[in-house]
Amino acid sequence: MHVDISRFGHEAVINGIRPDSGQTYQEFSTTIGHTTYIDGIDYNGRPRYEVRENFSRDFTDSYGINVGKGPYIQMKDTPPEDKARMSR
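The shown structure was predicted, so the numbers you read here are calculated from the model rather than taken from an experiment.

Student: Could you give an account of the environment of Ile38, naming the residues involved and the relevant values?
Tutor: As for its position among the elements, Ile38 is in strand 4 (residues 35–41). On the basis of relative accessibility, which here comes to 4%, the residue Ile38 falls in the buried class. A sequence separation of 26 residues divides Ile38 from Ala12, and the C-alpha atoms of the two residues are 9.4 Å apart.

Structural data, given as structure tokens:
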């Protein structure tokens, strides 16, 4: 897979192509404060959308539309051993 990433301030554009099939992928993300908004089109032309909220290094909340599976929500608390590793 070949991927190009372009950054413009708080925004990023990701374009990808599968060499074997020629299928393309495109994703846009914008970060405002502690929230990142992501939307794009997968290799099969299906839309993808996600919001990631990271208000502390201990907790991440993400929700959106998972391609082919529908809406989802995930909350992740960082385990103490990972927190110790991140502070090094």
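Student: Describe the sheet that holds strand 7 (residues 70–77), with residues and values.
Tutor: Within the open sheet, the 7 strands sit side by side as 1-2-3-4-5-6-7. Their pairing is antiparallel. Unpaired on one side and paired on the other, strand 1 (2–8) and strand 7 mark the two borders of the sheet. With strand direction ignored, the average angle separating the axes of adjacent strands in the sheet is 15°. As paired elements, strand 6 (residues 59–66) and strand 7 share 8 bridges and run antiparallel to each other. Within the sheet, the bridge partner assigned to Thr60 lies in strand 7 and is Lys76.

Student: Can you lay out the pattern of salt bridges for me, pointing to particular residues and giving the numbers?
Tutor: Here the structure, examined in full by the defined rule, presents 4 salt bridges. The closest approach of N and O atoms between Arg48 and Glu27, which form a salt bridge, is 3.4 Å. With a gap of 21 residues between them, Arg48 in strand 5 (residues 47–56) and Glu27 in strand 3 (residues 24–32) connect regions that are remote in the sequence. With a closest N to O distance of 2.9 Å, Arg48 and Glu50 form a salt bridge. Judged by relative accessible area, which is 23%, Arg48 ranks as partly exposed. Taking the relative accessible area as the measure of exposure, Glu50 reaches 6% and is therefore buried. Within this structure, Glu27, Arg48, Glu50 and Arg52 form a network of salt bridges that share partners.

So, how was this worked out
- Residues numbered from 1 in each chain as written.
- Predicted model: local features only at pLDDT ≥ 70, side-chain atom pairs only at ≥ 80, totals over all residues.
- Heavy atoms only, no water.
- Helix = DSSP H or I, 4+ residues; strand = E, 2+ residues; numbered from the N terminus.
- Buried < 20%, exposed > 50% of the residue type's maximum accessible area, 1.4 Å probe, protein only.
- Pairing = 2+ DSSP bridges.
- Axes fitted to C-alpha atoms, helices over the stretch in contact; angles between N-to-C directions.
- Salt bridge = Lys/Arg side-chain N within 4 Å of Asp/Glu carboxyl O.

Distances and angles like these do not, on their own, reveal function.
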